[in-house]
Amino acid sequence: MIYKAVVPGRVNLIGEHTDYNQGMVMPAAIDLYLTLICEPRAGRIITVFSENYDQEADFSLDDLVPINGDPGWVDYIRAVCWALENSGYPLTGASLNISSSIPVGSGLSSSAALEIAVAMSLAAACKYDLSPSEMAVLCQKGENSFVGVHSGIMDQYAVALARREAALLLDCRNLHYNYLPLVLDGFILLIIDSRVKRSLAVSAYNRRRAECEEAVRKMSGLLKKRISSLRDVTLDDIKEARHGLPDLLYRRARYVVEENLRVMEAAEALNSSDLHSFGYLMNRSHSGLRDLYEVSCPELDLIVDTASDCPGVLGARMTGAGFGGCAVALIEAEFAEKVSMAVKDAFRSNNWPVPIIYKTFAAQGACLEGI
Ligand code: GLA
């Protein structure tokens with residue numbers, strides 16, 4: 001049997017840099033997809049062909065040695081194979097053909113889409129009955145331990161489990177999730193790619209994670225309660241610990257605690273179809289990412305500021321890891337062209353490359369079929 005996996009990219013609507021702090025996230029899938037055709041065959045060789053790069057590569061399942069940083073696209077495939085094999089799921093050889101409309105390095109989870117597509121199709125080829133959640137966890141393991149990027153669980157969960165016209169509310173502490181209605185009726189999500197590329201594997205992402213861990217260690221000594229992650233910390237705790245914490249760690253921790261609260265408020269807003277409150281929370285989230293967590297950049301700030309000044313825009317924020325990549329705006333559909341023009345003009349005035357803009361909605365998560 002030949003398998004075809006179709007896996008979307010994702011946009012995170014709110015809850016940024018909270019996943020690795022055991023916090024709350026709220027992503028949705030977008031209608032940009034990676035398609036993988038998997039033809040299983042005997043032996044231990046995996047052959048891969050990327051239509052986007054027009055590149056072919058092959059590797060042996062017996063020769064999977066973790067790399068550390070600077071991954072190429074094939075490393076994400078090797079990482080998934082490594083994670084499956086090391087978790088008790090020996091694989092068979094296969095030839096994989098990949099094509100994708102998800103831009104790479106833009107914060108829309110092109111790598112998580114690739115990972116989930118590989119996991120789904122190879123698991124099916126070997127008749128392993130793995131749930132989407134199990135596959136997400138295995139793919140994250142591959143990304144963390146094979147590729148060396150210490151990313152959280154959000155991206156893999158989002159692309160594996162998202163549903164059409166819904167946002168996924170995921171609690172990254174216990175991996176419980178539920179779906180919130182995101183029927184946009186007259187509104188759209190505008191995704192604006194700043195075209196500033198900054199690979200996730202670079203030190204800045206891992207450094208934020210280390211700073212949060214350091215804040216937890218310091219606060220454990222300052223507060224009279226046990227904390228194992230920033231999820232255990234309240235706003236009152238932050239106030240209490242403020243003077244004992246270096247300012248940088250205080251700002252990082254305060255952002256994460258506030259962002260978790262915003263996600264819960266955003267969930268209430270969606271449940272009561274209150275997109276205006278949702279948009280306001282998006283704006284607050286961006287301010288926190290810019291001022292406290294410091295993962296935005298001038299290009300993303302310009303997108304958010306320009307969009308926020310346009311009529312019909314309910315909210316805008318950077319999305320994903322930051323340091324470049326995309327912003328997302330929730331807008332009245334009829335204003336889409338005007339907002340796009342305004343952002344492009346603002347970039348032209350700065351002599352920056354003009355952003356690439358996608359109109360999207362909450363799309364369906366990963367699916368697999370035998371062909
Ligand atoms: C990247 C990571 C995610 C998450 C976001 C920031 O997309 O892969 O796990 O940490 O950054 O919210």
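Residues numbered from 1 in each chain as written. Predicted model: local features only at pLDDT ≥ 70, side-chain atom pairs only at ≥ 80, totals over all residues. Heavy atoms only, no water.

A. Summary view of the sheet that holds strand 8 (residues 187-193). Overall, antiparallel pairing links the 4 strands, which are arranged 9-10-8-11 in an open sheet. The sheet terminates laterally at strand 9 (313-318) and strand 11 (356-360), the two strands that pair on one side only. The mean angle between the axes of side-by-side strands here comes to 20°, regardless of whether they run parallel or antiparallel. Here 5 bridges tie strand 8 to strand 11, and the two strands are oriented antiparallel to one another. Each residue of the ladder has a partner; that of L190, found in strand 11, is K359. (Pairing = 2+ DSSP bridges. Helix = DSSP H or I, 4+ residues; strand = E, 2+ residues; numbered from the N terminus. Axes fitted to C-alpha atoms, helices over the stretch in contact; angles between N-to-C directions.)

B. Highlighting the side chain of S100. Mapping S100 onto the fold places it in strand 5 (residues 93-100). A distance of 3.0 Å separates the side chain of S100 from the backbone nitrogen of I102, its partner in a polar contact. Beyond its immediate sequence surroundings of up to four residues, S100 is in contact with Y33, L34 and N52. (Polar contact = N/O pair within 3.5 Å; in protein donor to acceptor, adjacent residues only side chain to side chain. Contact = heavy atoms within 4.5 Å.)

C. Broad picture of the site of the ligand. Residues in close proximity to the ligand total 13 residues, the closest being E16, H17, D19, D155 and Y205. D155 places a polar side-chain atom, nitrogen or oxygen, 2.6 Å from an oxygen atom of the ligand. Class assignment for the residues of the shell around the ligand results in 5 nonpolar, 4 polar and 4 charged. (Near = heavy atom within 4 Å. Nonpolar A, V, L, I, M, F, W, Y, C, P; charged D, E, K, R; others polar.)

D. How the structure looks around the packing of aromatic side chains. Within the structure shown, the criterion is met by 8 aromatic pairs. Measuring from centroid to centroid gives 5.4 Å for Y20 and Y205, while their planes differ by 70°, and the two rings are edge-to-face. Placement of Y20 in the loop between strand 1 (3-14) and strand 2 (24-41) and of Y205 in helix 5 (residues 203-222) is noted, with a sequence separation of 185 residues between them. Residue classification places Y20 among the buried positions, given a relative accessible area of 9%. Looking at Y205, the relative accessible area reads 7%, which means it is buried. (Phe/Tyr/Trp six-rings, centres within 6.5 Å; stacked < 30°, edge-to-face > 60°. Buried < 20%, exposed > 50% of the residue type's maximum accessible area, 1.4 Å probe, protein only.)

E. Here's a closer look at the pairing of strand 10 (residues 326-332). Burial analysis of strand 10 places 6 of its 7 residues in the buried class, which makes it a mostly covered element. As paired strands, strand 8 and strand 10 are joined by 7 bridges and run antiparallel to one another. From the neighbouring strand, L189 faces strand 10, where its bridge partner is L330. Bridge count between strand 9 and strand 10: 5 bridges; the pairing is antiparallel. Paired with G315 across the bridge in strand 10 is L330.

F. Broad picture of the side chain of S106. For S106, the location among the structural elements is in the loop between strand 5 and helix 2 (110-125). A polar side-chain atom of S106 sits 2.8 Å from a polar atom in the side chain of D193. Beyond its immediate stretch of four places on either side in the chain, S106 contacts D193, K197, G325 and C326.

G. Up close: helix 7 (residues 247-271). With 25 residues, helix 7 extends 36 Å from end C-alpha to end C-alpha; this agrees with the ideal 36 Å at 1.5 Å per step. One or two steps after helix 7, the chain reaches S273, where phi turns positive at roughly 50°. (Expected span 1.5 Å × (residues − 1).)

H. Region of the structure containing the nonpolar core. Judged by nonpolar contacts, the single largest core of 89 residues is most densely connected at M26, L36, I77, L96, I116, L122 and F278. Counting residues per element, this core draws most heavily on helix 2, which supplies 12 residues. Beyond its immediate sequence surroundings of up to four residues, L122 is in contact with C38, I46, C81, L91, A94 and L96. In terms of nonpolar packing, the next biggest core, distinct from the first, is built from 48 residues, Y20, I227, L249 and I331 among them. (Core = buried A, V, L, I, M, F, W, Y, C linked by side-chain atoms within 4.5 Å.)

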